[in-house]
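Okay, here's what each chain looks like letter by letter:
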Amino acid sequence: MSLRRRAESSGPVKGTGAVVASPGKTERPSFTVSGLWTDTMGRMGIRALQLLIIGTVVGLIVIAALRLTVLVIPTLIALILSCALWPLVMQARKIMSPLLAAWSVFLGSLLVLGGIGTGLVFSVVREWPTLVNQAVEGFNELRSLVEGVMGDFGITIDQSQIDSLIDTVTSFATSSQFGTGAINTLSAAGSFVTGLVLLLVILFFMLKDGDRIWAFFVSWTPLHFRDKWIMSGDRALHTFGGYIRGTAIIAAVDAIGITIALFILQVPLALPLGVVVFLGSFIPLVGATIAGILATLIALVANGPIVALIVLGAVILVNQLEGNFLQPVVMAQTLNLHALVILMALTGGTVLGGIVGAVLAVPLAAVAWSVVKVWTDREGAEELEHAREDIDEEMARYEAEQEDSEDDEKSDEDAGRNDPEDEESSRREGV
């Protein structure tokens, strides 16, 4: 040991190349400036900076879109409608030129969808004040019933606030500004007519030259990423088109089912209520529910509580059929989103764009998720299944380790309790 200490204190040994720091010199610091960007915190900082830049760019795009709603909203609506009508254009191109096919589909959709939609909307607009008044009366009757029940338990409600809220909602819903307020997002930077004309023009050119427009954009993409862009466009086409067609089918089934129930029960304003259900179904989760509540309140006023309960049961039955049968069958591959994601998309779209934003938020979220799956190679559900299996295996391993540790502790306690030497030593200590 003394020889080793003498060798260490005498300095470096010749031929070994070993360097021993002298007592008077400070050691070199263990970190460098470059190391600050390669350790865990450095990598986290770089990733946070990247996310901040991406968030800033997305925020600027959203602000610009909100400033140019007269251009952005018609373009998005035309894009979604063109994706829904594109299969008809491709079928028409087999027997006619692209220009004639575009005109045929464009004018045919205007005559069929535009004519029917205009007639139904005007029927609702004509009966809208009556619908609102009937709904308010139904709400007042329901409120009186609830107040009577709550009064038996000694619970009181501030009547003035409820009356003020009802007056505000009624005056707004029955005013002439309600219709313009509903489309205020579309006409923020111009008039509604300008946006409608722009929508029709963009829709026609997308039906006529949609494939050429997409090919132009793809031609600017890098070759090593071109397949991703092509797949993203294909997924967006199928998602937008499938969403509109599927939602229209589901909305028609909901409207027909509830309208038939209203006609059988002889509830007034059955046809306008059916139109409201159809239009409301384009807003997932909440649209059809609100329309069903409106029908129930009108039935409560016009036909009494028994018929209102039957209407409520019909609305619940139709919604259950939609959620458990129609949605999985019709929208299985199109709207592959969790209900929480849909709710968050609806909330964000409503805050940013009002009613139009609520209608467009869900298909945009579905397309965004489809594109993300393409770029991250998550087309299938294998990753999710693997993650679930890993979670189950990890939890099983953790539970097994916990059981083994508990068994070891129990065995140690039993061994200590049965050891005669420990008992003898404990007895002696006690004495």
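What this report covers is the structure whose coordinates are included nearby. (Residues numbered from 1 in each chain as written. Predicted model: local features only at pLDDT ≥ 70, side-chain atom pairs only at ≥ 80, totals over all residues. Heavy atoms only, no water.)

### Concerning the overall build of the protein chain
1) Next: Looking only at helices and strands, the protein chain has 14 helices and zero strands in total.
2) Next: Overall, the protein chain shows an N-to-C arrangement of helices and strands of α-α-α-α-α-α-α-α-α-α-α-α-α-α.
3) Next: For the protein chain, the residues scored as buried account for 28% of the 431 residues in total.
4) Next: Put simply, of all contacts in the protein chain between residues at least 6 apart along the chain, 73% involve residues at least 24 apart. (Helix = DSSP H or I, 4+ residues; strand = E, 2+ residues; numbered from the N terminus. Buried < 20%, exposed > 50% of the residue type's maximum accessible area, 1.4 Å probe, protein only. Contact = heavy atoms within 4.5 Å.)

### Brief notes about the pattern of salt bridges
1) Next: What the rule picks out here adds up to six salt bridges.
2) Next: The partner of R93 in a salt bridge is D211, and the shortest N-O contact between them spans 2.8 Å. A residue pair is termed long-range when its members are at least 10 positions apart, and R93 in the loop between α3 (69-92) and α4 (98-152) and D211 in helix α7 (residues 192-218) qualify at 118 residues.
3) Next: Here D209 and R212 are joined by a salt bridge, their closest N and O atoms 3.8 Å apart. Of this pair, D209 and R212 both sit in helix α7, separated by three residues, roughly a single helical turn.
4) Next: Its relative accessible area of 15% is what places D209 among the buried residues.
5) Next: For R212, a relative accessible area of 59% translates into the label exposed.
6) Next: Through salt bridges with shared partners, a single network forms among K208, D209 and R212. (Salt bridge = Lys/Arg side-chain N within 4 Å of Asp/Glu carboxyl O.)

### Considerations on the packing of aromatic side chains
1) Next: Under the criterion given, the structure shown has eight aromatic pairs.
2) Next: A ring pair is formed by W229 and W375, whose centres lie 5.6 Å apart and whose planes are at 85°; its orientation type is edge-to-face. Residue W229 is found in helix α8 (residues 226-264), and its partner W375 is found in helix α12 (residues 339-375); the two are separated by 146 residues along the sequence.
3) Next: According to the relative accessible area criterion, W229 is partly exposed, its value standing at 36%. (Phe/Tyr/Trp six-rings, centres within 6.5 Å; stacked < 30°, edge-to-face > 60°.)

### Some remarks on α12
1) Next: The end-to-end C-alpha separation of α12 is 23 Å, well short of the 54 Å expected for 37 residues at 1.5 Å each.
2) Next: If you look at α12, its biggest bend is around 145°, right at G353.
3) Next: With its phi angle positive at about 55°, D377 sits one or two positions after the end of α12. (Expected span 1.5 Å × (residues − 1). Bend = angle between axes of the 7 residues up to and from the residue.)

As far as function goes, none of this settles anything; it's purely spatial.
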